Amino acid sequence: MNPQAKLISTTSLLLGTSITISSNHWMTAWIGLEINTLAILPLISKTHHPRAIEASTKYFLTQATASTLLLFASMINAWFSGQWDITQLTHPMSCMLSTVAISIKLGLVPFHFWFPEVLQGSTMTTCLLLATIMKFPPITLFYLTSSSLNSTLLTSMAIASAALGGWMGLNQTQTRKVLAFSSIAHLGWMTIILNYDPNLTLITFYLYTMTTSAIFLILNTTNTLKLPTVMTTWTKIPPLTTIFMLTLLSLAGLPPLTGFLPKWLIIQELTKQELTATATAISLLSLLGLFFYLRLAYCATITLPPNFTNYMKQWQTNKPTNPLTTIFTSLSIMLLPLSPMVLTIS
């Protein structure tokens, strides 16, 4: 891809995200979302592969539909209440349409269909952007409108996302699809607590972004796209593969790693709200995700490829390790002891 075009796309991506997360008017938020959509399309289709073109087409159609619904919801709210302020979402129809629109943009169940296919057709770096930065503006809109949204609808979508993200990830052999369904399952955790503690939703998103970024950067360094390829990573960079296993277990939410913190706080808050059945259901559904994280960790660290007589092992990759990988993996593994400070900052 042309360096100038890549610079323009990246700058526009940051600009669109900044506009949406800093706006309090529906129209400026919508403009930011549209800039984001148009900026990411060249990055998805830059390989000129038929799968990449298909992914960019699917992404454009779904995001355009979601943007139309969001604009329609804001216009209905302005028509009946005279308010364009994002926090003043009062009309029931507007609340319903905006929930649907933001859910489509995030990839929540039952509007998840586009997300795994788009990730499968993109490069690892673009997948990292789609799974982290591109979800920040919709999560911000959810945060600003959390007091107006229907808790029953959000809880139903959250439980369905956690269930489907876990079930569909079980039989995947492509690492990008595994991480796509992992993202859908984590969105369920973020959504279920949105009505009761929106700050906890943001904390969960930040920690998920750190951990997922670390995993995508490691997979990009080792050039790993499929589960059979994961088995050869131990012979390339053993220390990085060990870190990869710990980061996966952190994403699964096992103590004493960082990923345990948001799940612990969400279950605690749900119990305080006397939603013990909901907390139990989403906790049990997270075991499905734990299985495919353990399978990835098992393939990466315990399974070795066949060693033939004329086979030469590769002890390191051609790519240098990105400094961001070290930062994100360290935060993904060792942040749990600092949880009181994280809660104080939030």
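Criteria and cut-off values
Position numbers for residues start from 1 in each chain and track the written sequence from start to end. Selection of residues for local features in this predicted model requires a pLDDT of at least 70, selection of side-chain atom pairs for listing and counting requires 80 or more, and totals for whole chains, interfaces and linings are taken over all residues. The side-chain figures draw on all heavy atoms in the structure; neither hydrogens nor water molecules are used. UniProt positions are given in the numbering used here, feature names are shortened, and annotations may be inferred rather than shown by experiment. Each helix is a run of DSSP H or I of at least 4 residues and each strand a run of E of at least 2, with the numbering of both proceeding from the N terminus. Radius of gyration here uses only the C-alpha atoms, and the compact-globule reference equals 2.2 Å multiplied by the residue count raised to the power 0.38. Relative accessible area decides the class of each residue, using a 1.4 Å probe on protein chains only: under 20% of the type maximum gives buried, over 50% gives exposed, and in between gives partly exposed. All tallies of charge rest on Lys and Arg as positive and Asp and Glu as negative; His and the ends of each chain are not included. Charge positions come from single atoms, namely NZ of Lys, CZ of Arg, CG of Asp or CD of Glu. To get an axis, fit a line to the C-alpha atoms, keeping to the stretch in contact for a helix; angles then go from 0 to 180 degrees between the N-to-C directions. Any angle between 65 and 115 degrees counts as roughly perpendicular, while under 35 counts as roughly parallel, over 145 as roughly antiparallel, and the rest as oblique. Crossing handedness is read from the near helix: turned anticlockwise from the far helix by less than a right angle, it gives a left-handed crossing, and turned clockwise, a right-handed one. Residue contacts are counted whenever heavy atoms from the two residues lie within 4.5 Å of one another.

Under the annotation held in an unreviewed UniProt entry, the protein carries the name NADH-ubiquinone oxidoreductase chain 2 and is attributed to Pseudopipra pipra separabilis. In its Sequence similarities (unreviewed entry) section, the UniProt record describing the protein reads: "Belongs to the complex I subunit 2 family." Entered under Subcellular location (unreviewed entry) in the UniProt record, the comment concerning the protein runs "Mitochondrion inner membrane".

S.K.: Which parts of the structure should I look at to understand the overall build of the protein?
M.R.: Of regular secondary structure, the protein possesses 16 helices and zero strands. In terms of overall dimensions, the protein is globule-like: its C-alpha atoms have a radius of gyration of 20 Å, near the 20 Å expected for 346 residues. On the principal axes, the C-alpha backbone points of the protein span a range of 75 × 50 × 35 Å. Looking at the protein residue by residue over its 346 residues, the buried ones come to 53%. Of the side-chain charges in the protein, 15 are positive and 7 negative, and the distance between the mean point of each set is 21 Å.

S.K.: Could you clarify how one ought to interpret the packing of helix α8 (residues 151–169) against helix α14 (residues 276–301) in this entry?
M.R.: Between two packed helices, what matters for the description is the angle formed by their axes and the separation of those axes. Direction vectors running N to C along α8 and α14 enclose 25°, while the axes themselves pass 8 Å from each other. By the angle between their directions, the pair α8 and α14 is classed as roughly parallel. Of the two elements, α8 crosses α14, and the hand of that crossing is left-handed. Together, Thr155, Ile159, Ala162, Ala163, Gly165, Gly166, Trp167 and Gly169 of α8 and Thr278, Ala281, Ile282, Leu285, Leu288, Gly289, Phe292 and Arg295 of α14 make up the contact between the two elements.

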